[in-house]
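Here are the chains, one letter per residue:
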Amino acid sequence: TQISATATLKTLAFRRAYVEEYSRHYLLASEKRAELLQKEEKDAEQSVEFILDFYTLDARANNLAREKGADWDVFIRFGNKDRREPLEIKKLRLRQAEKIFYPYFTPWSTPYALRFEGPLPSKKLELVITGPLGTAILKWQLPDFTSEN
């Protein structure tokens, strides 16, 4: 294995559960909890976001930044019809306490936040990371978001 990738798609359901857990762990006041929930719901309407854990055997190749000559191409696709390039790829510096929300992170991998233009046009979604060292395709079959309350 040349690469390893694990990701969380930040669906509306995930965001709501995250706010509940974050509020519980940090004992947020109800107004702060409401502000955080409002922000997460607004972000869910405007973009498709992932938290990604990425690892390569060669640490020098562990850079997903969209720089000229980058080792990796990152995109999402919906079947073979729609391909979207990321609006933002950001390397994260998670505090130890934040890792409780993403237990798959390891000391040897790099956490990233990926943001794409939203909303989702389809229930089938793939996050693709590809380059000379390999390809990772992470797939989701999404529920009907119109029924989420």
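In what follows, the structure referred to is the one given above.
As the structure is a prediction and not an experimental result, all values here were calculated from the model.

*Asks:* Looking at this structure, how should I read the nonpolar core?
*Replies:* One recurring pattern in soluble globular proteins: nonpolar side chains tend to sit buried together. Counting residues in each nonpolar core, the largest one holds 25 residues, and the members touching the most others are Phe50, Leu52, Phe54, Leu64, Leu114, Leu127 and Trp140. Contributions of two or more residues to this core are made by β1 (3–9), β2 (47–56), β3 (73–78), β6 (110–117), β7 (124–131) and β8 (134–141). When residues no more than four places from it in sequence are discounted, the contact partners of Leu64 are Leu52, Phe54, Trp72, Val74, Ile89, Tyr112 and Ile129. Tyr18, Ile51, Tyr102 and Phe105 belong to the second-largest nonpolar core, a separate cluster that totals 11 residues.

*Asks:* Sorry if this is basic, but what is going on with the pairing of β1 here?
*Replies:* The side chains of a regular strand alternate between the sheet's two faces. Taking burial as the measure, the seven residues of β1 include five buried ones, the bulk of the element. Strand direction decides the pairing type here: β1 and β2, joined by seven bridges, are antiparallel. The residue of β2 that forms the bridge with Thr8 is Ile51.

*Asks:* Honestly, the pattern of salt bridges in this entry has me stumped. Any pointers?
*Replies:* Note that side chains of opposite charge can pair when their charged atoms are close. Using the criterion set out here, one finds 14 salt bridges in the structure. Here Lys10 ties to Glu49 by a salt bridge, and the two come within 4.0 Å at their closest N and O atoms. Of this pair, Lys10 sits in the loop between β1 and α1 (12–26) while Glu49 is found in strand β2, placing the two residues 39 residues apart along the sequence. An identical accessibility class is assigned to Lys10 and Glu49; each is buried. Linking Lys139 and Glu126 is a salt bridge whose minimum nitrogen-to-oxygen distance equals 3.8 Å. Of this pair, Lys139 sits in strand β8 while Glu126 sits in strand β7; the two residues are 13 residues apart in sequence, bridging distant segments of the chain. The network of salt bridges with shared partners includes Lys10, Arg15, Glu40 and Glu49.

*Asks:* Looking at this structure, how should I read the packing of aromatic side chains?
*Replies:* Where two aromatic rings form a pair, the distance of their centres and the angle of their planes describe that pair. Per the stated rule, a full pass over the model turns up 12 aromatic pairs. Aromatic pair Phe50 and Trp140: ring centres 5.2 Å apart, planes at 50 degrees, arrangement tilted. You can see Phe50 sitting in strand β2 and its partner Trp140 sitting in strand β8, a full 90 residues away along the chain. Ring centres of Tyr102 and Phe105 lie 5.8 Å apart, and the angle between their planes is 55 degrees; this geometry places the pair in the tilted category. Phe105 gets classed as buried once you look at its relative accessible area, which sits at 12%.

Cut-offs used in this document
Residues numbered from 1 in each chain as written. Predicted model: local features only at pLDDT ≥ 70, side-chain atom pairs only at ≥ 80, totals over all residues. Heavy atoms only, no water. Core = buried A, V, L, I, M, F, W, Y, C linked by side-chain atoms within 4.5 Å. Buried < 20%, exposed > 50% of the residue type's maximum accessible area, 1.4 Å probe, protein only. Helix = DSSP H or I, 4+ residues; strand = E, 2+ residues; numbered from the N terminus. Contact = heavy atoms within 4.5 Å. Pairing = 2+ DSSP bridges. Salt bridge = Lys/Arg side-chain N within 4 Å of Asp/Glu carboxyl O. Phe/Tyr/Trp six-rings, centres within 6.5 Å; stacked < 30°, edge-to-face > 60°.

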